[in-house]
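The residues making up each chain are set out below.
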Amino acid sequence: MTIETATVDAASHRPPLHVAVIGAGKIGTAIARSLLDAGYRVSISASGDPARLELMIDFVSPGAEPKWTHDAVADADLVVLALPLHRLKAIDPGLLAGKLVIDTMNYWPPVDGELPAFAGDRPSSEVVQEMFPGAAVVKTFSHTGYHHLEPDRRASGHPERRGLAVAGDDPAAVALVSALVDRIGYDPVPVDSLSATAFLQPGGPAFGARLTAAQLRELAGEPAPVA
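Owing to the predicted nature of the structure, the values given are computational and were not obtained by experimental measurement.

### Quick notes on the overall build of the protein
Here is step 1: Scanning the protein from terminus to terminus reveals nine helices and eight strands.
Here is step 2: In terms of overall dimensions, the protein has a C-alpha envelope of 50 × 40 × 30 Å along the principal axes.
Here is step 3: Counting across all 227 residues of the protein, residues that qualify as buried make up 49%.
Here is step 4: Here the analysis covers contacts within the protein between residues at least 6 apart in sequence; of these, 64% occur between residues at least 24 apart.
Here is step 5: Carbon together with sulfur atoms contributes 57% to the accessible area of the protein, which is approximately 10,400 Å² in total.
Here is step 6: One finds the centroid of the 18 positive side-chain charges in the protein at a distance of 6 Å from the centroid of its 27 negative side-chain charges.

Structure (structure tokens):
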């Protein structure tokens, strides 16, 4: 499925068939549960044999399919990167070529060590996009805590519904991921470039804050949608 075709599905509120989540930690499994609850098919991979993941996945994300990473990605419509940044170099860039990739990651020197590519002033997702030049990278989920992701989900129109920023350089990819964010229970706030995502990172004003879409738009400097 191409990004353009998937966007048509998003506009008609039909979710992509298959989302591959790379990373079986707390954020990866929380995203997997939210996606499963919203009607997506989900597979999960980690660094080891999926047979060793199966029991854990059955317990923490029932309904997800444990797979080898290359098998999970092969027929996925979207790929979610939910692993520590220092493990990213183990993923072959060719594996993600032509894929829409959701970057949920943050740079944490105490966990990742010093990574020169991520240590400058550039937002980390710009670096991720350069590492995977054949993919369309979209940043979301990274500014909310895994422990808030599920309990903060609300139906569309709910007065306490929260917002999630959805940032990327490819408008079609941003539109598709925005539809996914809406479907799982958040108001998407599109941000038109990865270079504008510093406010979502650790130390930024949106990081860890449980904000409405209006509050996020104000931080992002984005105009309110036309009614």
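### Remarks on the packing of aromatic side chains
One pair of aromatic rings is described through two measures. These are the centre distance and the angle between the planes.
Here is step 1: Under the counting rule described, the total for this entry stands at two aromatic pairs.
Here is step 2: Here the aromatic rings of Tyr107 and Phe118 are separated by 6.1 Å at their centres, their planes lie at 35°, and the arrangement is tilted. Taken as a pair, Tyr107 in the loop between strand 5 (100–103) and helix 5 (109–112) and Phe118 in the loop between helix 5 and helix 6 (124–131) lie far apart in primary sequence, 11 residues in all.
Here is step 3: Judged by its relative accessible area of 15%, Tyr107 falls in the buried class.

### Considerations on the side chain of Thr104
Here is step 1: Mapped onto the elements of the fold, Thr104 is located in the loop between strand 5 and helix 5.
Here is step 2: Exposure remark for Thr104: the relative accessible area of 6% places this residue in the buried category.
Here is step 3: Reaching out from Thr104, the side chain makes a polar contact with the backbone oxygen of Leu81 at a distance of 2.7 Å.
Here is step 4: Non-local contacts of Thr104, meaning those with residues more than four positions away in its chain, are made with Ile31, Val80, Leu81, Ala82, Thr140, Phe141 and Ser142.

### Here's the deal with the pairing of strand 5
One face of the sheet, then the other: side chains in a regular strand alternate in exactly this way.
Here is step 1: Because side chains alternate across strand 5, one face comprises the buried residues Leu100 and Ile102, and the other comprises Val101 and Asp103, equally buried.
Here is step 2: As paired strands, strand 4 (residues 78–81) and strand 5 are joined by four bridges and run parallel to one another. Looking at the pairing, Val80 lines up with Ile102 of strand 5.
Here is step 3: Relative to strand 6 (residues 136–139), strand 5 runs parallel, the two being bridged by four bridges. By the bridge assignment, Val101 is partnered in strand 6 with Val137.

Thresholds, definitions, all that
- Residues numbered from 1 in each chain as written.
- Predicted model: local features only at pLDDT ≥ 70, side-chain atom pairs only at ≥ 80, totals over all residues.
- Heavy atoms only, no water.
- Helix = DSSP H or I, 4+ residues; strand = E, 2+ residues; numbered from the N terminus.
- Buried < 20%, exposed > 50% of the residue type's maximum accessible area, 1.4 Å probe, protein only.
- Contact = heavy atoms within 4.5 Å.
- Areas by Shrake-Rupley, 256 points an atom, 1.4 Å probe, with all protein chains shown as cover.
- Lys, Arg positive; Asp, Glu negative; His and termini not counted.
- Charge placed at Lys NZ, Arg CZ, Asp CG, Glu CD.
- Phe/Tyr/Trp six-rings, centres within 6.5 Å; stacked < 30°, edge-to-face > 60°.
- Polar contact = N/O pair within 3.5 Å; in protein donor to acceptor, adjacent residues only side chain to side chain.
- Pairing = 2+ DSSP bridges.

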